[in-house]
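What the coordinates show
Here are the chains, one letter per residue:
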Amino acid sequence: MAKKTIRDINLTGKRCFVRVDFNVPLDEKDGHMVITDDTRIKETLPTIRALIEAGARLILASHLGRPKGQRDPKQSLRPVAMRLAEMIGRPVDFADDCIGAEAKAKALALQNGGVLLLENVRYHAGEEKNDPALARAMADLAEVYVNDAFGSAHRAHSSTAGVAALMPAVSGLLMEKELTYLHDELQNPARPFLVILGGAKVSDKIQAIDALLDKADVILIGGGMAYTFRLALGHAIGNSLCEPDKADTARAALDKARAKGVKLLLPADNYIVQEMDFAAKTVGPGKYTNPGEDIPDGWEGVDIGPETIRQYAAEIAAAKTIVWNGPMGVFEIKDCAKGTFAIAAAVAANSAATTIIGGGDSVKAVKKAGVADKVTFISTGGGASLELLEGTVLPGVAALNDK
Ligand code: AMP
């Protein structure tokens, strides 16, 4: 996707409105909000450092949590300003509101290489409605728009799309990397191109399956959505997660795969249990079905079995491009996580392939499996990465200037 980046324009002395994803997890300790994981800040440091080196004046903006248009002090970005200052080794000024007189004065006071962080854009109800007045007020602070918040690019909000339309708009380095791996590389992938899709529901992934059936050579299905496919093929699935009203859709996908010569594989065997307490992260005693065997009444499938792992790992080893989105089972519970971790290991072991982890739970699984440094690219955006795989044009990307 040939979008202009911060390398394509002269930013020296320019006030840049930089939309980042500082939506970090916070925890209350001794009356203060403390950042428990600063990965999202780290991800955007290359862009921030490059802008500082270019002599730009940085006005950073982000959402945090879901304050729904209210000023909730527990969802303030103030702790992020302090952490960021430590990380970049220079002062980070903070404005209590993302628009208005204080923000304007502080933006105008910035020197070349200076950094200002604005308060949570979602303190304004207009943000999520892409309110033009809010976009105009934010645009009033800056001369150039930079978007490095890939994880928010699938939403047309004031700070992701509205502001971008009002001034020259380019992508940051993280955004550029995400688009390279999740879009550009997949236009002409090295083959075999294999996609692993898991997670809870067929309805969440069917658009991606449909779009990928036009591109992929092999699609491996796992997770809860596999059971709607099993049902569509006339198998008994016990109490497994299922969307009976999506059985026709699943059948249509199987038909399309056959017509297109795409190898679409379903789990041959499953780990099944009679009781699961998701909140307590426990399951009752479980067992594996035999390959091809149906799931008996009173039991539910919670992971793929050893024969499926063997088959999927063989496909993964032969692929040249691999995209993975969604876990193979209820991986949050230890007894149901073996399949997901085995797939993570298989993907990581194929060092000859370009391996792309498409956000959300698959990223957690790859990290938990300790193989994050062995894959080519890990996306920072779950929803956004899935929408890109579906072939959707993301509003936050569409708003950026073409090269
Ligand atoms: P998604 O957000 O669609 O990628 O789905 C991720 C969720 O799917 C995780 O919370 C998993 O626990 C859940 N999941 C995966 N496999 C199953 C399954 N067999 N039954 C119920 N939930 C599952």
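In this text the structure is predicted, and so the values were computed from the model without any measurement. (Residues numbered from 1 in each chain as written. Predicted model: local features only at pLDDT ≥ 70, side-chain atom pairs only at ≥ 80, totals over all residues. Heavy atoms only, no water.)

What follows concerns the pairing of strand E6 (residues 115–118). In E6, alternate side chains face the same way, and those of Val-115 and Leu-117 on one face and Leu-116 and Leu-118 on the other are all buried. Direction of pairing for strand E4 (residues 57–61) relative to E6: parallel, over a ladder of three bridges. Residue pairing across strands places Ile-59 opposite Leu-116, the latter belonging to E6. Across three bridges, strand E5 (residues 93–95) lies against E6 in parallel orientation. What sits directly across from Asp-93, in E6, is Leu-116. (Buried < 20%, exposed > 50% of the residue type's maximum accessible area, 1.4 Å probe, protein only. Helix = DSSP H or I, 4+ residues; strand = E, 2+ residues; numbered from the N terminus. Pairing = 2+ DSSP bridges.)

Looking at the protein, the domain boundaries give domain 1 (15–175) and domain 2 (185–390). Averaged C-alpha coordinates put domain 1 and domain 2 at centres separated by 35 Å. Facing six residues of domain 1, the contacting portion of domain 2 comprises nine residues. Summing both partners gives a buried area of about 620 Å² for domain 1 against domain 2, and 67% of it is carried by carbon and sulfur. Looking only at domain 1, the three residues that lose the most surface to domain 2 are Phe-150, His-154 and Leu-174, adding up to 71% of its buried area. For the pair domain 1 and domain 2, the number of links is zero salt bridges. Looking at the side of domain 1 that touches domain 2 residue by residue, the class counts come to two nonpolar, three polar and one charged. (Domains from an automatic or database assignment. Contact = heavy atoms within 4.5 Å. Buried area = accessible area lost by both parts, 1.4 Å probe. Salt bridge = Lys/Arg side-chain N within 4 Å of Asp/Glu carboxyl O. Nonpolar A, V, L, I, M, F, W, Y, C, P; charged D, E, K, R; others polar.)

This brings us to the nonpolar core. In terms of nonpolar packing, the biggest core is built from 39 residues, with Phe-150, Ile-209, Leu-213, Ile-219, Ile-221, Phe-229 and Leu-264 touching the most fellow members. Elements that contribute at least two residues to this core include exactly helix H7 (173–187), strand E9 (193–197), helix H8 (202–212), strand E10 (218–221), helix H9 (226–232), helix H10 (247–260) and helix H14 (382–389). Setting aside residues up to four positions removed in sequence, Phe-150 forms contacts with Met-175, Glu-178, Leu-179, Leu-182, Ser-379, Thr-380, Gly-381, Ala-384, Ser-385, Leu-388 and Leu-394. (Core = buried A, V, L, I, M, F, W, Y, C linked by side-chain atoms within 4.5 Å.)

Moving on, we get to helix H13 (residues 361–368). All buried positions along H13 are accounted for by Ser-362, Val-363, Ala-365 and Val-366. Burial along H13 is one-sided: seen end-on, the buried residues are contained in an arc of 160°. Against the buried residues of H13 lie strand E17 (321–325), helix H12 (338–349), strand E18 (354–357) and strand E19 (377–378). (Arc of directions from axis to C-beta.)

In the structure shown here, the tally under the stated rule is zero disulfides. Here Cys-98 is not disulfide-linked; the sulfur of Cys-16 is the nearest cysteine sulfur, at 17 Å. Cys-242 supplies the cysteine sulfur nearest to Cys-336, a cysteine that is in no disulfide, at a spacing of 18 Å. Judged by its relative accessible area of 0%, Cys-336 is buried. (Disulfide = S-S within 2.5 Å.)

For the rest of this paragraph, the subject is the site of the ligand. In the neighbourhood of the ligand, 15 residues make up the surrounding shell, with Ala-200, Gly-301, Gly-329, Glu-332 and Asp-361 lying closest. Residue Gly-301 places a main-chain N or O atom 3.0 Å away from a nitrogen atom belonging to the ligand. When the ligand sits alone it has 510 Å² of accessible area, and the protein chains cover 81% of it. (Near = heavy atom within 4 Å. Polar contact = N/O pair within 3.5 Å; in protein donor to acceptor, adjacent residues only side chain to side chain. Areas by Shrake-Rupley, 256 points an atom, 1.4 Å probe, with all protein chains shown as cover.)

Sheet analysis places strand E2 (residues 26–29) next to strand E3 (residues 32–35), joined by four bridges and oriented antiparallel. In the sheet register, Lys-29 faces E3, and the bridge partner there is His-32.

At a minimum axis separation of 10 Å, H7 and H14 run at an interaxial angle of 10°. In terms of orientation, H7 and H14 fall into the roughly parallel class. Residues Leu-179, Leu-182, His-183 and Leu-186 of H7 touch H14, and the partners they reach there are Ser-385, Leu-388 and Leu-389. Tallied by class, residues from the contact of H7 with H14 come to five nonpolar, two polar and no charged. (Axes fitted to C-alpha atoms, helices over the stretch in contact; angles between N-to-C directions. Parallel < 35°, antiparallel > 145°, perpendicular 65-115°, else oblique.)

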